[in-house]
Amino acid sequence: MIRRALVERGHETTLLQPDLPPEEIVQAISSSGCEYVLVGRTLGYGVADVLARLADLADAAGVRSKVKMVVGGMAVRPEIAAETGFDAGFGPGTSIEEVIAYVEGRPVETSVGSVTRSKPDLTSGYTYSFKNREIEDTIRPVADEVVAWATTMTSPAVERARLRRRMAEASRSGDAGGTASLIKSYVALCDAGIAQSYDGGAVAKTRPITAEERDALARRVAQVSAQGGWKTIRHGKERPVVFIQYGTGCPIMDITHIQVGESWGADGVVHFDPSWAARKEGMLHGFLTHQEDGSLITEGNLNLIKSGMTPYTLWQVRAHRGLNTPETVVLAGEAGADLTKINMVYGSLGAGTDPERLTVDGVEAIRQAVHYGLPFDVVTNEELCGVPAHKAFAGMLIVASIARRLGGRPILQPLFCYSPQVMIEGQMKDNYVDFNAAKVMALRSIIDAPVWPGAPVGFLTHTEDRVQSSMTTALHACMASSMGVDAISIASSDEAYSGGPISAAARVDTLRAVREGFRFFGQAGVQPTPMAAEWASQLVEGIHDVLKKVRDRGSFVGALYDGLLGTREDGAYPGRSGRGTVRKANT
């Protein structure tokens, strides 16, 4: 292959036979007068001895100084080449272009074979029309009730979100006095520990990122961006789009992970924030890092992270669970995010926020998402608590219906997970394919909407073994691809077991594994058994039963407190954060 490429570039070459003794190679060098000797070595056994012997013989024959000696192959590393007297070594993953560039004494042309990328709209082409009319008729009054009720209510988060948007507008117009006045009103709605960050005070658990650190980061981002040479993760299919997650606690480390992900083919990134910040009223100010899981959402941090991304990377900032849900959407929209995440059911039953408060905040968050043109996924993470899939899906569809009522573009996010309920009920006793496939089939039979399994796919099948974790991630990704979904989220191979920030190597593990999986299947795919259709039918029936109970309850918030969308026995507990903070809005 390399010889053919060299000939096509106008080089004169001689292809020697395989398994030639080193003495005959040296003789051929002497007689041909060549400038380069390219040696291929596939097996690793004794490779250093063989290469060293060839280099020594060439030296003894007086031809070593006249030629460049290069070795390549599965067992080759640059270190081995250098130690054995070769000029260069090319190991696994080397492109032909890299070898040709070395022979021609020029930099690698990254435009050759490089990837042309664009930023897809995951909601494009979907009508959001219901295919199941019975479910449509049942869910419509539920969505209407939520919107009508929430419109008459307000909360500190709703008021902060609206102030935040006015602050951004005042700042853009250069109205310094107006901005200062709005900040003062904003701070009055924050917890004391949050408010002091606006006066330059220290914030517990955090450290400011200095101007010198930001300047150094900008230089490194520019350097990495100039290198280019991005890989693609797909093989012959445009979907699914692949997202990775970041949230190391440090925006600078986050950017490093984002760039690693981009270089290995990730299409998008998801911002994880710390759970403790979601329990505070108000959002911090400035450029901040801390040593806990999840990166703080501030205007400064988001703008810093955005500066480290390529223009085609999809960026999601989550806003689905805490006391700052609508304001997070405003910050995400102002920072240029492409997507957000909203689900008041999961946030109420699995993430600790009071159902009444998060319903009011969630409706406002959807309104803000519509204003900024942000699609959002509706994650069903309450399944991880133990809530059965049909209940979680009923909640997801209610939120999606509310969003459509308000002009939003929701994306359905079923979990591809080995959930507690599945372990008890045995739907994955035989395989991991059928029940996950049934989820997609059920949703597709109900509504024409984009589907983005998460979050991340296969995460609960991971172990401390990085190889095993990479493999199960790739298998779940390939199954998702077979089901024709629009996007997937994947974790790194050490995400559950690192005991701290994940490593870049583990990030590459799963990206490479998914890439190889997509390469393996191409246009082929995973075929579920007939059980998938049977379970899909059961899911649809269960979803409808839950929706009817919520409709008959007459109050979505009441249904959340009553356990219609997940009981305490299921593992769902109505949260307490923000309880008692909702009040009638001024009309």
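Residues numbered from 1 in each chain as written. Predicted model: local features only at pLDDT ≥ 70, side-chain atom pairs only at ≥ 80, totals over all residues. Heavy atoms only, no water.

A closer look at the side chain of Gln259
Within the fold, Gln259 resides in helix α11 (residues 251–263). By relative accessible area, Gln259 is classed as buried at 8%. If sequence neighbours within four positions are ignored, Gln259 has contacts with Arg220, Val221, Val224 and Gly308. (Helix = DSSP H or I, 4+ residues; strand = E, 2+ residues; numbered from the N terminus. Buried < 20%, exposed > 50% of the residue type's maximum accessible area, 1.4 Å probe, protein only. Contact = heavy atoms within 4.5 Å.)

Brief notes about the pattern of salt bridges
Counted under the stated rule, the structure contains 35 salt bridges. Among the salt bridges present, the one from Arg9 reaches Glu97, with a minimum N-O distance of 3.0 Å. Of the two residues, Arg9 sits in the loop between α1 (2–8) and α2 (22–32) while Glu97 sits in helix α5 (residues 96–103), which places them 88 residues apart along the sequence. Overall, the relative accessible area of 9% leaves Glu97 in the buried class. With a closest N to O distance of 3.1 Å, Asp552 and Arg551 form a salt bridge. Residue classification places Asp552 among the exposed residues on the basis of a relative accessible area of 57%. Salt bridges sharing partners connect three or more residues here, namely Arg160, Arg164, Glu281, Glu327, Arg357 and Asp361. (Salt bridge = Lys/Arg side-chain N within 4 Å of Asp/Glu carboxyl O.)

Brief notes about the side chain of Thr472
Structurally, the position occupied by Thr472 is in helix α20 (residues 466–482). At 3.2 Å, the side chain of Thr472 forms a polar contact with the side chain of Thr461. Not counting chain neighbours up to four residues away, the residues in contact with Thr472 comprise Gly458, Thr461 and His462. (Polar contact = N/O pair within 3.5 Å; in protein donor to acceptor, adjacent residues only side chain to side chain.)

Notes on the environment of Asp215
Structurally, Asp215 is set in helix α10 (residues 211–227). For Asp215, a relative accessible area of 45% gives the class partly exposed.

Here we look at the sheet that holds strand β6 (residues 241–246)
Reading across from one edge, β12-β11-β10-β9-β7-β6-β13 is the order of the seven strands in this open sheet, with parallel pairing throughout. Single-partner strands in this sheet number two, and they are β12 (410–413) and β13 (487–490). The mean inter-strand angle of the sheet, taken between neighbouring strand axes irrespective of direction, is 25 degrees. Looking at chain direction, β6 and β13 are connected through four bridges and run parallel. What sits directly across from Val241, in β13, is Ala487. (Pairing = 2+ DSSP bridges. Axes fitted to C-alpha atoms, helices over the stretch in contact; angles between N-to-C directions.)

Shape is all these values report; function is a separate question.
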